[in-house]
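Each chain is listed here by its residues.
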Amino acid sequence: MRLLNSDIDTVIFDLDGTLVDSMWMWTDIDIAYLSRFGFEFDKQLQIDIAGMSVTETACYFREKYGIPRTIEQIIGDWIEMSYDKYKNEVGLKPYAVELLDYFRSEGIKLGIASSNAIDMIEVCLDSNGIRDRFDVIVTSDQAERGKPYPDVYLLAAERLGAEPERCLVFEDIPAGIMAAKAAGMKAVAVYDRFSEEADAEKHRLADMYCQDFSDFMKAEGIITD
């Protein structure tokens, strides 16, 4: 089933795990940050915080572990720990540039709707040379609630001047797919090794599943085998 048609004039991407290969980094940061305060990392943590805004996540850390830092300090710690990785180590998913350039050539508006902090999003896009591809960058902290609520996607659509039903979303986690669908948008699930345990749910929730962006491009007739 093809998703791109005359009704779709806007495409919105999640960032981490969708557009860029960065989830490995957040596991490393969570392990290091918790150990700083004498706690051990539990994989359930990343399931619990999936889709939360960075502020919601900082609140979760503070309440669950009793981290003796303010919310602003915790976020600042994470920005400091992640900045160099986003600048020097985090790369794009395969065929990301080709897909973005195709959308731009077709006059499709492009946005980012991420649970990450704006500082980290911007350095990541800049270091990968794709910031100019996007018309709008929206974070969950700018919306009322994080994913799986639809707020961040609805805000992105509003800022792009788009109707939700004319938007297509790319996401890597169930909470993000649920947010897109709750906003009335079509959703493409993108494989990421850090969420592969949820692949069955991603298949169920999304309108399409792709192993990488070339799968989507082939399904839509943008490229051939």
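Computed from a prediction, not measured in an experiment: that's the story for all the values here.

Colleague: Explain the sheet that holds strand E7 (residues 186-190) residue by residue, including any values.
Modeller: The six strands lie next to each other as E5-E4-E1-E6-E7-E8, forming an open sheet whose pairing is parallel. The two strands at the open ends of the sheet, each matched to only one other strand, are strand E5 (136-139) and strand E8 (208-210). Adjacent strand axes in the sheet meet at a mean angle of 20 degrees when their direction is disregarded. Sheet analysis places E7 next to E8, joined by three bridges and oriented parallel. Pairing of Ala189 across the sheet is with Tyr209, part of E8. Helix H5 (residues 96-105) rests against strand E1 (10-13), strand E4 (109-114) and strand E6 (167-171) of the sheet, and its axis sits at about 155 degrees to E1. In this fold helix H8 (residues 174-182) packs onto E6 and E7, with an angle of close to 170 degrees to the strand it touches most, E7.

Colleague: Hey, could you go over helix H6 (residues 118-127) for me, with residue numbers and the actual values?
Modeller: Residues of H6 that are buried: Met120, Ile121, Val123, Cys124 and Leu125. Where the residues of H6 are buried, they touch strand E2 (20-21), helix H1 (23-36), helix H4 (71-88), E4 and E5. Looking one or two residues beyond H6, the residue adopting positive phi is Gly129, at roughly 70 degrees.

Colleague: Residues and numbers for unusual backbone geometry, please.
Modeller: Here the amide bond leading from Lys147 into Pro148 is cis, since omega sits at 20 degrees, within 30 degrees of zero. On the secondary structure map, Pro148 appears in the loop between E5 and helix H7 (151-160). Here the phi dihedral of Tyr95 falls at roughly 70 degrees; this positive angle occurs in a residue that is not glycine. Looking at where Tyr95 falls in the secondary structure, it is placed in the loop between strand E3 (91-92) and H5. Of the residues examined, Tyr95 reaches a relative accessible area of 38% and is grouped as partly exposed.

Colleague: Run through the pairing of E1, naming residues and quoting values.
Modeller: Burial along E1 is two-sided: the residues Thr10 and Ile12 and Val11 and Phe13 are all buried. Where E1 meets E6, four bridges bridge the pair, whose relative direction is parallel. Along E6, the bridge assignment pairs Phe13 with Phe170.

Colleague: Could you give me a rundown of the packing of aromatic side chains, with the residues and numbers involved?
Modeller: Within the structure shown, the criterion is met by 16 aromatic pairs. Summarising the aromatic geometry, the rings of Phe61 and Trp78 are spaced 5.0 Å apart at their centres and angled 75 degrees between planes, so their arrangement reads as edge-to-face. Note that Phe61 is positioned in helix H3 (residues 54-65) and Trp78 in helix H4, a separation of 17 residues in sequence. Accessibility assignment for this pair places Phe61 and Trp78 in one class, buried. Site record: aromatic cluster; members linked through ring pairs are Phe13, Tyr102, Phe103, Phe134, Phe170, Phe213 and Phe216. Here Lys64 stacks its cationic end above the ring of Tyr65, 5.7 Å away from the centre of that ring.

Colleague: Quick rundown of the packing of H4 against H6? Include the residues and the values.
Modeller: Between H4 and H6, whose axes approach to 9 Å, the crossing angle comes to 10 degrees. With respect to H6, the element H4 is oriented roughly parallel. Residues Trp78, Ile79, Ser82, Tyr83, Tyr86 and Lys87 of H4 lie in contact with H6, whose contacting residues are Asp119, Met120, Val123, Cys124 and Ser127. Counted by class, the contact of H4 with H6 contains seven nonpolar, two polar and two charged residues.

Colleague: Requested: an account of the nonpolar core, with residues and values cited.
Modeller: Counting residues in hydrophobic clusters, the biggest one holds 54 residues, and the most contacted among them are Phe13, Leu19, Phe61, Phe103, Phe170 and Phe216. Formed by 24 residues, the second largest nonpolar core is a distinct cluster that contains Ala157, Val169, Met185 and Leu205.

The rules behind the values
- Residues numbered from 1 in each chain as written.
- Predicted model: local features only at pLDDT ≥ 70, side-chain atom pairs only at ≥ 80, totals over all residues.
- Heavy atoms only, no water.
- Pairing = 2+ DSSP bridges.
- Helix = DSSP H or I, 4+ residues; strand = E, 2+ residues; numbered from the N terminus.
- Axes fitted to C-alpha atoms, helices over the stretch in contact; angles between N-to-C directions.
- Contact = heavy atoms within 4.5 Å.
- Buried < 20%, exposed > 50% of the residue type's maximum accessible area, 1.4 Å probe, protein only.
- Phe/Tyr/Trp six-rings, centres within 6.5 Å; stacked < 30°, edge-to-face > 60°.
- Lys NZ or Arg CZ within 6 Å of the ring centre and 35° of its normal.
- Parallel < 35°, antiparallel > 145°, perpendicular 65-115°, else oblique.
- Nonpolar A, V, L, I, M, F, W, Y, C, P; charged D, E, K, R; others polar.
- Core = buried A, V, L, I, M, F, W, Y, C linked by side-chain atoms within 4.5 Å.

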